Amino acid sequence: MTALNEGWFTEVFQDQGTAFSLQVKRKLHEEQTPFQKLEIYETETFGNLMVLDGCVMLTTRDNFLYHEMMTHPALFTHKDPKKVVIVGGGDCGTLKEVLKHPGVQEAWQVEIDERVTRMSEKYFPELCEANGDPRANFFFGDGIQWMRDIEPNSIDVLIIDSTDPVGPAEGLFALDFYRDAMLALREGGIIVQQSESPLLHTNTIIKDIHDDMHKAGFGHVQTLPFPQPVYPTGWWSCTMGSKENPLKYFREEDANNRPFVTRYYNAGVHHGALAMPQFMVDALEDEVRPEEG
Ligand code: SAM
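Note that this is a predicted model, so its numbers are computed, not measured.

Q: What should I look at first to understand the environment of H101 in this one?
A: By the secondary structure assignment, H101 is in the loop between α2 (93-98) and β8 (106-111). A sequence separation of 30 residues divides H101 from T71, and the C-alpha atoms of the two residues are 9.9 Å apart.

Right, here's the structure in full:
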């Protein structure tokens, strides 16, 4: 639910009794795409704001937190990621982070709504600056079907950068999708999914993700919390699943010596994000396998 009163954009979380507001200068764009209502605002202090179906997707000012955490922990945990697929992620911010890794040879962005990407090129050009990289590939269509059709054993890292688990994204948070992902991943493969708010969703969405990833055969599952001021509660998470290897270890030396700039991610942040808060450990403890420690 959204409200726009006296120069403020407000997303109301009715069931939580809370709301989040940004002061806006003007609306830059509005359209009903075949999939969702897409709005873009210029805000007073957070740069541009993208909203899909009334839900805040990203702002210029703080998207680096989300995009870096969706990308670098998984890519520095995998031993040698060469082919990376992003499902969703139409704003291209995750793709930009993935392509910072020189070892990545091929990256795909599989986004259902081409209009999100076209409007990001216009209003978030800094996120799209790697789109011309020869390693970047774009497919506009349903990621669920794409994952059913993909060649088995062909991906190293799969990043699910989707909207909330409703509408077209619902099937991206489902056991069948994780089974397809399991088949698509090569040995040592890692899946990582945006997994909503630790405060709101640990006992529901996050627990379901852990259960379903385990059922699909991911032996190791780990949720990493991180701040995201513009999302409900200001606290967000991604959940990684690994076919074979524990997720507590990562290529720390490579993370320390990364040949690119990050604004949030570093090896210390990675370590910190692996330390799950106690209430999450308690809620998810049934899912912790002995070898995960
Ligand atoms: N950071 C955001 C968040 O957590 O709310 C997500 C940003 S990104 C814009 C999410 C994208 O997922 C949207 O552009 C949406 O069109 C796309 N999407 C939703 N369902 C999809 C599906 N089944 N296949 C491919 N893309 C999908």
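Q: Just checking my understanding: could you explain the nonpolar core for this structure?
A: What tends to happen in soluble globular proteins is that the nonpolar side chains get buried as a cluster. Counting residues in each nonpolar core, the largest one holds 44 residues, and the members touching the most others are L75, V98 and I159. The element contributing the most residues to this core is helix α1 (residues 63-77), with six residues. When residues of this core are assigned to domains, at least three fall in each of domain 1 (2-59) and domain 2 (63-292). Discounting residues that sit within four places of it in the chain, V98 has contacts with T71, L75, V84, I86, V104, A107 and I159. In terms of nonpolar packing, the next biggest core, distinct from the first, is built from 27 residues, L158, L172, A181 and M213 among them.

Q: Help me understand the pairing of strand β12 (residues 220-227) in this model?
A: On a regular strand, one side chain projects to one face of the sheet and the next to the other, so that they alternate. The buried count for β12 comes to seven of eight residues, which makes it a mostly enclosed element. In this sheet, strand β13 (residues 235-242) lies alongside β12 in antiparallel orientation, the contact comprising eight bridges. Following the sheet pairing, V221 is matched in β13 by G241.

Q: Even after reading the chapter, I still don't get the site of the ligand, so can you show me in this structure?
A: Taken together, the neighbourhood of the ligand is formed by 23 residues, with E111, D142, G143, P168 and Y231 sitting nearest. Here Q36 contributes a side-chain N or O atom positioned 2.9 Å from an oxygen atom of the ligand. Contacts to the ligand include Y231, whose side-chain N or O atom sits 2.5 Å from a nitrogen atom. Each residue belonging to the shell around the ligand can be placed in one class, and the counts come to 10 nonpolar, eight polar and five charged. Taken domain by domain, the makeup of the shell around the ligand includes at least three residues from each of domain 1 (2-59) and domain 2 (63-292).

Q: How should I be thinking about the packing of aromatic side chains in this particular structure?
A: Given two aromatic rings, one states the distance between the centres and the angle between the planes to describe the pair. The final tally for this structure, using the stated rule, is 11 aromatic pairs. Taking the centre distance of 5.8 Å and the plane angle of 80° together, the rings of Y66 and Y231 count as edge-to-face. In this pair, Y66 is assigned in helix α1 and Y231 in the loop between β12 and β13, connecting sequence segments 165 residues apart. Judged by its relative accessible area of 5%, Y66 falls in the buried class. Classification of Y231 by relative accessible area gives buried; the value is 10%. Taking the centre distance of 5.8 Å and the plane angle of 10° together, the rings of F76 and Y265 count as stacked. Here Y265 lies in the loop between α7 (252-256) and α8 (267-274) and F76 lies in helix α1, a separation of 189 residues in the sequence. Just as F76 is buried, Y265 falls in that class too. Taken together, Y66, F226, Y231 and W236 form an aromatic cluster joined through their ring pairs. The aromatic ring of F46 is capped on one face by R61, whose charged end is 4.7 Å from the ring centroid.

Q: What should I look at first to understand the UniProt feature "active site" (unreviewed entry) in the protein in this one?
A: Per the UniProt entry, the sites bearing "active site" (unreviewed entry) are D161 in this numbering. Relative to the helices and strands, D161 resides in strand β10 (residues 155-161). Overall, D161 belongs to the buried group, its relative accessible area being 7%. Once residues lying within four places of it in the same chain are set aside, the contact partners of D161 are Y66, H67, M70, I86, V87, G88, G89 and T94.

Q: Could you clarify how one ought to interpret the confidence of the model for the protein in this entry?
A: Fine structural detail should not be taken from predicted coordinates in areas where pLDDT scores are low. Looking at the protein, the pLDDT average stands at 95 and 96% of residues meet or exceed 70. Of the regions scoring below 50 in pLDDT, residues 288-293 engages in nine contacts with residues more than four places distant in sequence or in other chains.

Q: I'm lost on the domain arrangement of the protein in this one. Help?
A: Think of interface size as the accessible area that goes away when the parts come together; that is how it is often given. You can read the domains of the protein as domain 1 (2-59) and domain 2 (63-292). A straight line from the C-alpha centre of domain 1 to that of domain 2 covers 24 Å. Contact residues are listed per partner, giving 21 residues for domain 1 and 19 residues for domain 2. When residues of domain 1 are sorted by the area they lose upon contact with domain 2, F35, M50 and L58 head the list and together hold 26% of the total. Linking domain 1 to domain 2 there are one salt bridge.

Q: Honestly, the pattern of salt bridges in this entry has me stumped. Any pointers?
A: When charged atoms on two side chains of opposite charge get close, those side chains can pair. All chains considered together, the criterion is met by 17 salt bridges. Ionic pairing is found between K82 and D80, a salt bridge with its closest N-O pair at 2.4 Å. Here K82 falls in the partly exposed class, since its relative accessible area comes to 30%. The exposure class assigned to D80 is partly exposed, which follows from its relative accessible area of 41%. One salt bridge connects D254 with R251, and the closest N-O pair in it is separated by 2.6 Å.

So, how was this worked out
- Numbers given for residues are sequential positions, taken from 1 along each chain in its written order.
- In keeping with the predicted nature of the model, local features appear solely for residues at pLDDT of at least 70, side-chain atom pairs appear and are counted solely at 80 or more, and the whole-chain, interface and lining totals rest on all residues.
- For the side-chain quantities, the full set of heavy atoms in the structure was used; hydrogens and water were omitted.
- Every helix listed is a DSSP run of H or I at least four residues long, and every strand listed is a run of E at least two residues long, numbered separately from the N terminus.
- What makes a nonpolar core is a set of buried Ala, Val, Leu, Ile, Met, Phe, Trp, Tyr and Cys residues whose side-chain atoms join them at distances within 4.5 Å.
- The buried label goes to any residue with under 20% of its type's maximum accessible area, the exposed label to any with over 50%, and the partly exposed label to all in between, with areas taken from a 1.4 Å probe on protein chains only.
- In this entry, domain limits derive from an automatic or database-based domain assignment.
- Note on contacts: a residue pair qualifies if any of its non-hydrogen atoms lie within 4.5 Å across the two residues.
- Pairing between strands is defined by DSSP: at least two bridges between the two strands are required.
- Consider each residue's heavy atoms; a residue with any of them within 4 Å of a molecule or strand counts as near.
- The term polar contact refers here to a pair of N or O atoms within 3.5 Å; inside protein, the definition further demands a hydrogen-donor-capable atom paired with an acceptor-capable atom, and it admits residues adjacent in sequence only when both atoms are side-chain atoms.
- Under the convention adopted here, Pro, Cys and the residues Ala, Val, Leu, Ile, Met, Phe, Trp and Tyr are nonpolar, Asp, Glu, Lys and Arg are charged, and Gly plus all remaining residues are polar.
- Under the pairing criterion, centres of Phe, Tyr and Trp rings, with the six-membered ring standing for Trp, must be within 6.5 Å; the plane angle then separates stacked pairs below 30 degrees from edge-to-face pairs above 60, leaving the rest tilted.
- In this analysis the charged atom, NZ for Lys or CZ for Arg, is taken to sit over a ring once it is within 6 Å of the ring centre and within 35 degrees of the ring normal.
- UniProt positions are given in the numbering used here, feature names are shortened, and annotations may be inferred rather than shown by experiment.
- As a per-residue quantity, pLDDT reports the predictor's confidence and falls between 0 and 100.
- Buried area: the sum, over both parts, of the accessible surface (1.4 Å probe) that disappears when the two are put together.
- Each reported salt bridge corresponds to a side-chain nitrogen of Lys or Arg within 4 Å of a carboxyl oxygen of Asp or Glu.

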